[in-house]
Amino acid sequence: MAADLKQRATDAFFEDHLELAVDLYSQAIAISPNNAELFADRAQANLKLNNLTEAVSDANKAIELDPSMSKAYLRKATACMKLEEYHTAKAALETGASLAPGDSRFTNLIKECDQHIVEETGDLQKQVSEKAPTEVVSTKDVQSKISVSSEMIPATAAKPKYRHEYYQKPEEVVVTIFAKGIPAKNVAIDFGEQILSVIIDVPGEEAYRFQPRLFGKIIPDKCRYEVMSTKVEIRLAKAEQIQWTSLEFSRQSTITQRVNVSSVAGSQRPTYPSSKPTGIDWDKLEAAVKKEEKEEKLDGDAALNKFFQEIYADADEDTRRAMKKSFVESNGTVLSTNWKEVGTKKVEGSPPDGMEMKKWEI
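What counts and how
- Residues numbered from 1 in each chain as written.
- Predicted model: local features only at pLDDT ≥ 70, side-chain atom pairs only at ≥ 80, totals over all residues.
- Heavy atoms only, no water.
- Salt bridge = Lys/Arg side-chain N within 4 Å of Asp/Glu carboxyl O.
- Helix = DSSP H or I, 4+ residues; strand = E, 2+ residues; numbered from the N terminus.
- Buried < 20%, exposed > 50% of the residue type's maximum accessible area, 1.4 Å probe, protein only.
- Expected span 1.5 Å × (residues − 1).
- Contact = heavy atoms within 4.5 Å.
- pLDDT = per-residue confidence, 0-100.
- Pairing = 2+ DSSP bridges.
- Axes fitted to C-alpha atoms, helices over the stretch in contact; angles between N-to-C directions.
- Parallel < 35°, antiparallel > 145°, perpendicular 65-115°, else oblique.
- Left-handed = near helix turned anticlockwise from the far one by under 90°.
- Nonpolar A, V, L, I, M, F, W, Y, C, P; charged D, E, K, R; others polar.
- Core = buried A, V, L, I, M, F, W, Y, C linked by side-chain atoms within 4.5 Å.
- Phe/Tyr/Trp six-rings, centres within 6.5 Å; stacked < 30°, edge-to-face > 60°.
- Lys NZ or Arg CZ within 6 Å of the ring centre and 35° of its normal.

Examining the pattern of salt bridges
For side chains bearing opposite charge, pairing can occur when the charged atoms are close. Taken as a whole, this structure holds 18 salt bridges when the rule is applied. For the salt bridge of R321 with D318, the shortest nitrogen-to-oxygen distance reads 3.1 Å. Of the two residues, R321 and D318 are both situated in helix α12 (residues 317-329); the distance of 3 residues between them amounts to about one turn of the helix. Residue K325 pairs with E329 through a salt bridge whose shortest N-O separation is 3.0 Å. Highlighted residues: K325 and E329, both in helix α12, separated by 4 residues, approximately one helical turn. Given the relative accessible area of 18%, K325 is considered buried. In this structure E329 comes out as partly exposed when scored by relative accessible area, which is 28%. The network of salt bridges with common partners includes K6, E37, D41, K71 and R75.

Considerations on unusual backbone geometry
Working note: non-glycine residues mostly have negative phi, and peptide bonds are mostly trans. Of note in the backbone geometry, D16 takes a positive phi value of approximately 70° without being a glycine. When you line up the elements, D16 lands in the loop between α1 (2-14) and α2 (18-31). The backbone phi angle of E84 is positive, close to 65°, even though this residue is not glycine.

Structural notes on helix α4 (residues 52-65)
Along its 14 residues, α4 runs 20 Å from first to last C-alpha, staying within 8% of the 20 Å computed at 1.5 Å per residue. With 10 of 14 residues buried, α4 lies mostly within the body of the structure. Within the span of α4, buried status applies to L52, T53, A55, V56, S57, D58, A59, N60, A62 and I63. Close packing links the buried residues of α4 with α3 (36-48), α5 (70-82), β3 (187-191), β4 (196-200) and β5 (208-210).

Quick word on the confidence of the model for the protein chain
In this model, the protein chain carries an average pLDDT of 79, and 73% of its residues clear a pLDDT of 70 or more. Of all helices and strands in the protein chain, the one with the weakest mean pLDDT is helix α8 (residues 139-151) (46), whereas strand β7 (residues 232-237) scores best (94). Note that residues 144-157 has pLDDT below 50 and, in this model, 14 contacts with residues that lie over four places away or in other chains. Within the model, the stretch residues 262-271 combines pLDDT values under 50 with 12 contacts to residues more than four positions away or in other chains.

Some remarks on the pairing of strand β1 (residues 163-168)
Sheet analysis places β1 next to strand β2 (residues 172-178), joined by 6 bridges and oriented antiparallel. Within β2, the position partnered with Y166 by the bridge is V175. Counting the residues in the hairpin turn of β1 and β2 gives 3 residues.

Quick look at the packing of α2 against α3
At a minimum axis distance of 9 Å, the contact between α2 and α3 shows a crossing angle of 160°. Taken together, the axes of α2 and α3 lie roughly antiparallel to each other. Every pair of crossing elements has a handedness; the one defined by α2 and α3 is left-handed. Contact residues: L18, V22, Y25, S26, A28 and I29 in α2; L38, F39, D41, R42, A45, N46 and K48 in α3. Classifying every residue of the contact of α2 with α3 by side-chain character gives 8 nonpolar, 2 polar and 3 charged.

Digging into the nonpolar core
By size, the foremost hydrophobic cluster in this structure holds 26 residues, and its most contacted members are I177, V198, I200, I234 and L236. When residues of this core are traced back to their parent elements, those giving at least two are β2, β3, β4, β5 and β7. With 4 residues, the top contributor of residues to this core is β7. In contact with L236, not counting residues within four places along its chain, are E171, E172, V173, V175, F191, L196, L214, I218 and C223. Ranked by size, the runner-up nonpolar core spans 22 residues in total, among them L52, V56, Y86 and F106.

A look at the packing of aromatic side chains
The full count for this structure, using the stated rule, is 3 aromatic pairs. On the numbers, 5.1 Å between centres and 75° between planes, the contact of Y162 with Y208 is edge-to-face. Pair noted here: Y162 is in the loop between α8 and β1 and Y208 is in strand β5, with a separation of 46 residues, a long-range link. You'll find Y162 and Y208 in the same group, each marked buried. Against the face of F178 rests R163, its NZ or CZ located 4.3 Å from the ring centre.

Some remarks on the pairing of β4
By the criterion of burial, β4 is predominantly enclosed, with 5 of the 5 residues buried. In β4, alternate side chains face the same way, and those of L196, V198 and I200 on one face and S197 and I199 on the other are all buried. Of the pairings in the sheet, the one linking β3 to β4 comprises 5 bridges and is antiparallel in character. Bridging from a neighbouring strand, A188 pairs with I199 of β4.

Here it is as structure tokens:
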């Protein structure tokens, strides 16, 4: 069945029915999700449609499934070059060239990447030299730009499956996707030089994809994310400490001046942009999320762990020391809050009734 769909998708691709080809490849992937060829082929169709972030995501998945597939690296690099992510493209090309040493496309594109990187570095140095070293943007100006950016966000035709918001600090942008109760295994997040790819794929539901080209460049190795019970929080490390006037890149966006950290961190709380056109009361939103997390009903071990976490969070230093010492020395069978009792002696293990302690030799 998957092979038949793949053949029909390939025929549609060569007949230039690209959207049909992507749809057929997607159907084949649903049947055979570990087939690297299908992802690499869909990446090519997305490239032709100029769906560049989707092409990068598909190429990454093909590489994950088959790290020796040279064409997947070529397609990733091609998409990244169109996105002006030349460092990421070059890294992919160098790996692909080592897998296909006779393919001149890799060497030619590496040279092209090098040329763009030199030009990009020169432009950046020129911008820096033209700026006055003491140039500072006031909090009021920053907020004004943010406000305008928020108002200019166009309404989408279809409401996204999960709502997202973001705010920023001088050194990072924090993106929050409000997806409740999603297992971490169903969340796939990739970082590129200027790409964020988020895929939440829950069995039996349509996959959620959020794959924007970002306003500014990031440092992928320093980016991180955490899947929580009520949301997915993503922290993007900025390559430069500039103020992002929007989360996503657009040709109309201009690079703003560096923000004076001390002025933004003053008494007035900054207003952050979001995916919604209306203003957000961040204090109220944060309080609501914390309340929801606090009131969340848990069962079994999760409830017990939460109970112990609350005790530890509210405890004084001696109580915390007692809890750590007793838990570690008893191999997790004793948890004491009395430092006077456990501080002067080793805490022996106390196994549950009907069980015995065993010491494992490493």
